[in-house]
Amino acid sequence: MAVRRLGIIMHGVTGRMGMNQHLIRSILAIRADGGVTLPSGDRIMPDPILVGRNADKLEQLAAAHGVERWSTDLAAALANPDDEIFFDAGTTQMRPKMLEQAIAAGKHVYCEKPIATTLDEALKIAQIAETAGVKNGVVMDKLFLPGLLKIAMLRKSGFFGRMLRVHCEFGYWVFEGDLQPIQRPSWNYRLEDGGGIILDMLCHWRYVLDNLFGNVESVSCLGATQIPERIDEMGQPYKATADDAAFSTFQLEGGVIATINSSWTTRVYRDDLVVFQVDGTHGSAVAGLTTCKVQPRVATPRPVWNPDEKQTRDFRDDWQEVPDTVPYPNGFRAQWEMFIRHVVADEPWSYTLREGAKGLQLVDSALDSWRERRWIDLPALPA
């Protein structure tokens, strides 16, 4: 069994998502477990170099986790032929330029979503990667959530029969900053800095809907900025210019109707921060991040509508939980391992930058729908 080093340039990992999910729980966890195993039995050992603008943060992060290499010189890192992959978890506005630089240096590229702020930018960077012949990918972590993996299994089994409807409630209350400290960066609520829940979340909903329920064919969306002023990290008030809530309806192929409410201005009264309910002719399922419950057609109760009496039935008791029959690894790590195998062993990979561009198509269409107050159709993207 041979062990091969794989150099990875990791940009933007001093931020919460990049540090926790990509560096610590993915790349460093893979290293701790001996690397990524190929079908041949050989192992691929990731060797990260942390790149960013803040030397103090990079040095502290590297020292805290035993990472030997870090740099504030992106150009020098890209010039090193011993590092084959460039990964970006920085700001969305900077991402297309970063990816273009990495592709020009001959690197395979992998990045967080959104891959750009507009569809035109996204298609451009996807085309650049394809023309250069580099392997490329975008994080689609929600597909690897245990709850949605169970939904995928149910669909594969034919459990739903003909799928009718999908409904999702997502979000929680993001503190304004006056009574409690903020728990999300202030740039999320400034349009000029790439903020907005439509840009942030509809990229996720595109790949979830396409992969689990049917390709999105059209969208109707209403956005809102419901908290007009917030407090930033320095304790200073600022005007919130980005949308913090979005209420969307989607028509999917096969006649499936999907509705998704995304909000940073809602208090949670449900089983999880995100909950999907899927209804079909033969059965229904309700899934959160990790759990999934089902109610088949033959076990569907007969509710009685009587507004004159207090409801005594607990409808949740009529659902059965789908058991954990397999281990569910961290979703970010699982996709990292897939991308590494794709780069090294050319294993199949479908989560490309062009697939990521579909998320921006939905974002642009949703924004047009909100602005024009009408349904917007989504044509197939150019090949």
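K.L.:
I'd love a proper account of the overall build of the protein chain, names of residues and values included.
P.N.:
Scanning the protein chain from terminus to terminus reveals nine helices and 18 strands. Taking 383 residues into account, the globule formula puts the C-alpha radius of gyration at 21 Å, and the protein chain, at 22 Å, falls close to it. For the C-alpha atoms alone, the extent of the protein chain along its principal axes is close to 75 × 55 × 45 Å. Per-residue burial for the protein chain yields a buried fraction of 49% across its 383 residues.

K.L.:
Which residues make up the side chain of serine 218, and what values go with them?
P.N.:
Relative to the elements of secondary structure, serine 218 occurs in strand β9 (residues 216–224). A polar contact is formed between the side chain of serine 218 and the side chain of glutamine 251, at a distance of 2.6 Å. Excluding anything up to four places from it in sequence, serine 218 contacts Thr249, Phe250, Gln251, Trp375, Ile376, Asp377 and Leu378.

K.L.:
How would you explain the nonpolar core if you had to name every residue and give the values?
P.N.:
Counting residues in each nonpolar core, the largest one holds 107 residues, and the members touching the most others are Ile115 and Phe213. Per element, the largest residue contribution to this core is eleven residues, and it comes from helix α7 (residues 197–212).

K.L.:
Break down empty space enclosed by the protein for me, with residues and values.
P.N.:
Under the criterion given, the structure shown has three cavities of 30 Å³ or more. Space inside the largest cavity adds up to approximately 60 Å³. Lining the largest cavity, in full, are Lys113, Pro114, Ile115, Val138, Val139, Met140, Cys203, Tyr207, Glu355, Gly356, Gly359 and Leu360. Looking at the lining of the largest cavity, the elements that each hand over two or more residues are α7 and α9 (353–372). A per-element tally of the lining of the largest cavity places α9 first, with four residues. In the lining of the largest cavity, the residues fall into eight nonpolar, two polar and two charged.

K.L.:
Tell me about the sheet that holds β9, and name the residues and values.
P.N.:
Spatially, the nine strands line up as an open sheet ordered β17-β16-β15-β14-β8-β13-β12-β9-β18, and their pairing is mixed. Looking at which strands have only one partner, the edges of the open sheet turn out to be β17 (320–321) and β18 (376–377). Alignment of β9 against β18, held across two bridges, turns out to be antiparallel. Across the sheet, the residue bridging to serine 218 is aspartate 377, located in β18. Across the sheet, α7 lies against β8 (163–171), β9, β12 (245–252), β13 (257–263) and β14 (274–280), angled at about 150 degrees from β13, the strand it touches most.

K.L.:
Just give me the short version of helix α1 (residues 16–32), but keep the residues and values in it.
P.N.:
One full turn of an α-helix is made of 3.6 residues, so residues set three or four places apart face in the same direction. Taking 1.5 Å per residue, 17 residues should reach 24 Å; α1 reaches only 21 Å between its end C-alpha atoms and comes up short. Remark: the principal bend of α1, roughly 35 degrees, maps to leucine 23. Buried residues of α1: Gly18, Gln21, His22, Leu23, Ser26, Ile27, Leu28, Ala29 and Ile30, and no others. For α1, the secondary structure elements touched by its buried residues are β1 (3–11), β2 (36–37), β3 (43–51), α2 (55–65), β5 (83–88) and α8 (331–345). After α1 finishes, the residue glycine 34 shows a positive phi value of roughly 95 degrees.

Rules used in this analysis
- What you see as residue numbers is a count from 1 along each chain, following the sequence as written.
- Selection of residues for local features in this predicted model requires a pLDDT of at least 70, selection of side-chain atom pairs for listing and counting requires 80 or more, and totals for whole chains, interfaces and linings are taken over all residues.
- With hydrogens and water stripped out, all remaining heavy atoms of the structure feed into the side-chain values.
- Only runs of H or I of at least four residues qualify as helices and only runs of E of at least two qualify as strands under DSSP, and these elements are numbered from the N terminus.
- Two things to know: the radius of gyration comes from C-alpha atoms, and the globule rule equals 2.2 Å times the number of residues to the power 0.38.
- For the exposure calls, accessible area comes from a 1.4 Å probe over protein chains only, and a residue counts as buried if that area is under 20% of its type's maximum, exposed if over 50%, partly exposed in between.
- As used in this structure description, the phrase polar contact means that two N or O atoms lie within 3.5 Å; if the pair is within protein, one of them must be able to donate a hydrogen and the other to accept it, and residues adjacent in sequence are counted only when both atoms belong to side chains.
- Here, residues are in contact when the closest pair of their heavy atoms is within 4.5 Å.
- We call a set of buried Ala, Val, Leu, Ile, Met, Phe, Trp, Tyr and Cys residues a nonpolar core when their side-chain atoms join them within 4.5 Å.
- Think of a 1 Å grid over the protein atoms and nothing else: a 1.4 Å probe that fits but is trapped marks a cavity, an open set flanked by protein within 12 Å on at least five of seven lines marks a pocket, and residues with an atom within 4 Å of a point count as lining.
- Grid points are joined across faces, edges and corners, and a volume is the space filled by probe spheres set on the points.
- Residues are sorted three ways: Asp, Glu, Lys and Arg are charged, Ala, Val, Leu, Ile, Met, Phe, Trp, Tyr, Cys and Pro are nonpolar, and all the rest, Gly among them, are polar.
- DSSP-based pairing: two strands are paired if at least 2 bridges between them are found.
- Helix axes are fitted to C-alpha atoms over the stretch in contact, other axes to C-alpha atoms as well, and angles between N-to-C directions run from 0 to 180 degrees.
- Here, expected helix span is obtained from the residue count minus one, scaled by 1.5 Å.
- Throughout, bend refers to the angle between the axes fitted to the seven residues that end at a position and the seven residues that start at it.

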